[in-house]
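Examining the three-dimensional arrangement
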Amino acid sequence: MPEEPDLTPLALKIGEQIARQGVMPVLEYMHACLHDPQHGYYRRRQAIGAEGDFTTAPEISQMFGELIGVWAGVAWRAMGAPARLELVELGPGRGTMISDALRAGRIVPGFLGALRIHLVESNRALKEAQRRALAAATAGLAVHWHEALDQALPGDGPTIVLANEFLDALPVRQLVFDGVAWRERSVGLDANGRLALVTGPPAGTVDVPSGRGPREGDIFELRPGLDELADVLGRSQRPLVALFIDYGHAAGGFGETLQAIRRQRHVPILERPGETDLSAHVDFEDLARRLRERGLAVDGPITQAEFLLGLGLAERAARLMAGARPGQIGLIEAGARRICDPAGMGGRFKVACARSAALPVLPPFPPAARQGGP
Ligand code: SAH
């Protein structure tokens, strides 16, 4: 492989592995890009926030986390206000959402006193950021960190799980239909030794969405991590509520959504591995199917705009603006608009809630009868 100063250490490492072992499935490539022990994006980079590669709803407006906190308090009451509640956040980023949530959760009497907090985070630098962000919000509360899902779940008792922009980071397989069969899209090397997308080996039996049959060149994305997630949630014998907020589509289908973001811009997925954030749309239909197969009820998805407005975003913004200094009023309003604009994040992001079947539908999700039932 020629010496090229523009190759990242991870590009070299992956290139060497491909030269030794053959093509690498996109699933494995995405996993390496995010989690490689030395060079993975999440291992070494401060990724999130206005200065980072991408920004998220809790980083845009404090009202996002605050409404989630009140929602969690309402969910706790719907569970019968148990004396102890395991509150689990998956992929807390800089800890902003959970800090805002806990601050707002104070208005639900008894809620904070019941909490044991669990943060599932694989990135050491972000764990530190979370510790700092949470210091003020959690005085006197127990906080536990876990590197992986199955260390935190299922919880010992009644559990609420929160996940904002976590599922989109779970690696995907990309399958390509060659006219006869599905094949594993993979990363190989071109004639110059550079990483290149190739059509890899047969993918085996694939459970593709019903509807029209595949045509040559169709791409289908599958996210095996959803199965693992559904397994751990489904294993819980205790009352469970899990809220998933992510960008994605309500109904599955063919198409490619894997994308790379670097410094707030889209770049090709093979560019500068380890230095770009890779994510792919969440297929909420697939998520719901897997959760229902494990006996959980699923509400939604509804849009983020419906969710936030249903929880009182407009009223909360009006109250904040009434008490704000003049210079802040515009910022509060702009933040609220940005997280609930139906043409932007408010429409692109969807919210789904999984719950033990014995628990009621939680607001602001519509009653089960209007959603086609669990
Ligand atoms: N929820 C945050 C951050 C979203 S970015 C926000 O809204 O701002 C994705 C987060 O998930 C990061 O904290 C990342 O380190 C973490 N993460 C990604 N994959 C993970 C995995 N497999 N296990 C644990 N944490 C993971």
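Anyway, here's the lowdown on the structure attached to this text.

Definitions and limits used
Residues numbered from 1 in each chain as written. Predicted model: local features only at pLDDT ≥ 70, side-chain atom pairs only at ≥ 80, totals over all residues. Heavy atoms only, no water. Helix = DSSP H or I, 4+ residues; strand = E, 2+ residues; numbered from the N terminus. Rg over C-alpha atoms; globule rule 2.2 N^0.38 Å. Buried < 20%, exposed > 50% of the residue type's maximum accessible area, 1.4 Å probe, protein only. Contact = heavy atoms within 4.5 Å. Areas by Shrake-Rupley, 256 points an atom, 1.4 Å probe, with all protein chains shown as cover. Lys, Arg positive; Asp, Glu negative; His and termini not counted. Charge placed at Lys NZ, Arg CZ, Asp CG, Glu CD. Near = heavy atom within 4 Å. Polar contact = N/O pair within 3.5 Å; in protein donor to acceptor, adjacent residues only side chain to side chain. 1 Å grid on protein atoms, 1.4 Å probe; cavity = no way out; pocket = protein on both sides within 12 Å on 5 of 7 lines; lining within 4 Å. Sits in = over half its atoms within 2 Å of the grid points. Nonpolar A, V, L, I, M, F, W, Y, C, P; charged D, E, K, R; others polar. Pairing = 2+ DSSP bridges. Axes fitted to C-alpha atoms, helices over the stretch in contact; angles between N-to-C directions. Points joined across faces, edges and corners; volume = space filled by probe spheres on them. Expected span 1.5 Å × (residues − 1). Arc of directions from axis to C-beta. Parallel < 35°, antiparallel > 145°, perpendicular 65-115°, else oblique. Left-handed = near helix turned anticlockwise from the far one by under 90°. Core = buried A, V, L, I, M, F, W, Y, C linked by side-chain atoms within 4.5 Å. Salt bridge = Lys/Arg side-chain N within 4 Å of Asp/Glu carboxyl O.

**Topic: the overall build of the protein chain**
Looking only at helices and strands, the protein chain features 15 helices and 16 strands. Its C-alpha radius of gyration of 21 Å places the protein chain within 12% of the 21 Å reference for a compact globule of 374 residues. Viewed in the frame of its principal axes, the protein chain has a C-alpha envelope of about 65 × 45 × 40 Å. With 374 residues in all, the protein chain has 53% of them scored as buried. In the protein chain, 76% of the contacts between residues at least 6 apart in sequence involve partners at least 24 apart. If you sum the accessible surface of the protein chain, you get close to 16500 Å²; carbon and sulfur atoms cover 51% of it. Here the protein chain holds 41 positive side-chain charges and 44 negative ones, and the gap between their average locations is 5 Å.

**As for the site of the ligand**
Of all residues adjacent to the ligand, which total 18 residues, the nearest are T56, G91, G93, E121 and N164. Here G93 contributes a backbone N or O atom positioned 3.1 Å from an oxygen atom of the ligand. The separation between an oxygen atom of the ligand and a polar side-chain atom of N164 is 2.7 Å. Cavity membership is defined here by more than half of the atoms lying within 2 Å of grid points; on that basis the ligand lies in the largest pocket. Per-class residue counts for the shell around the ligand are eight nonpolar, seven polar and three charged.

**Re the side chain of D36**
Along the chain, D36 falls in the loop between α2 (26-35) and α3 (41-44). Look at D36 and you get buried, because its relative accessible area is 8%. Among the polar contacts listed, one links the side chain of D36 to the backbone nitrogen of Q38, at a separation of 3.0 Å. Setting aside residues up to four positions removed in sequence, D36 forms contacts with L10, K13, H31 and R43.

**Concerning the sheet that holds strand β11 (residues 259-262)**
If you trace the three strands from one edge of the open sheet to the other, you get β12-β11-β13, paired in antiparallel fashion. If you trace the sheet from one side to the other, it starts and ends with β12 (265-267) and β13 (277-279), each paired once. The mean angle between the axes of side-by-side strands here comes to 40°, regardless of whether they run parallel or antiparallel. As paired strands, β11 and β13 are joined by three bridges and run antiparallel to one another. Following the sheet pairing, A260 is matched in β13 by L278.

**Observations regarding the layout of surface pockets**
Roughly 1200 Å³ of volume is contained in the largest pocket. The wall of the largest pocket is formed by 50 residues, among which Y42, E165, F166, D168 and A169 lie closest to the centre. Computed from the structure, the second largest pocket encloses a volume of approximately 280 Å³. Around the second largest pocket, the lining is made up of 13 residues, and of these L67, V70, I107, L311 and R316 lie nearest the centre. Secondary-structure elements contributing two or more residues to the lining of the second largest pocket are α5 (62-78) and α13 (313-322). Here the lining of the second largest pocket takes five residues from α5, the largest share from any one element. Grouping the amino acids of the lining of the second largest pocket by side-chain chemistry returns eight nonpolar, two polar and three charged.

**Considerations on helix α14 (residues 326-340)**
Over its 15 residues, α14 extends 23 Å from the first C-alpha to the last, a length consistent with the 21 Å expected when each residue adds 1.5 Å. Among the residues of α14, those classed as buried are I332, G335, A336, I339 and C340. The buried residues of α14 occupy one face: seen down the axis, they fall within an arc of 105°. With respect to the buried face of α14, the exposed residues turned more than 90 degrees away are P326, G327, L331 and R337.

**Here we look at the packing of α13 against α14**
What describes two packed helices is the angle between their axes and the distance between those same axes. The geometry of α13 relative to α14 is characterised by a closest axis approach of 9 Å and an angle of 170° between their N-to-C directions. Here α14 runs roughly antiparallel to α13, going by the angle between their axes. Between α13 and α14 the crossing geometry is right-handed. Facing L313, A317, L320 and M321 of α13, the residues of α14 in contact are I329, I332, E333, A336, I339 and C340.

**Concerning the nonpolar core**
The nonpolar side chains of soluble globular proteins are, as a tendency, buried together. Counting residues in each nonpolar core, the largest one holds 49 residues, and the members touching the most others are W71, L102, I160, L243 and F307. Among the elements that line this core, the one with the most residues is α5, at eight residues. Those residues in contact with F307 that lie beyond four places of it in its chain are I68, W71, L243, I302, V351, P364 and F365. Among the nonpolar cores identified, the runner-up in size contains 28 residues, and L90, A163, L170 and A230 belong to it.

**Some remarks on the pattern of salt bridges**
Opposite charge on two side chains permits pairing when their charged atoms draw close. Inspection of the entire model under this criterion finds 24 salt bridges. Note that R131 and E128 form a salt bridge whose closest N and O atoms lie 3.2 Å from each other. With R131 and E128 both in helix α8 (residues 124-137) and three residues apart, the pair spans about one turn of that helix. On the accessibility criterion, E128 (38% relative accessible area) is partly exposed.

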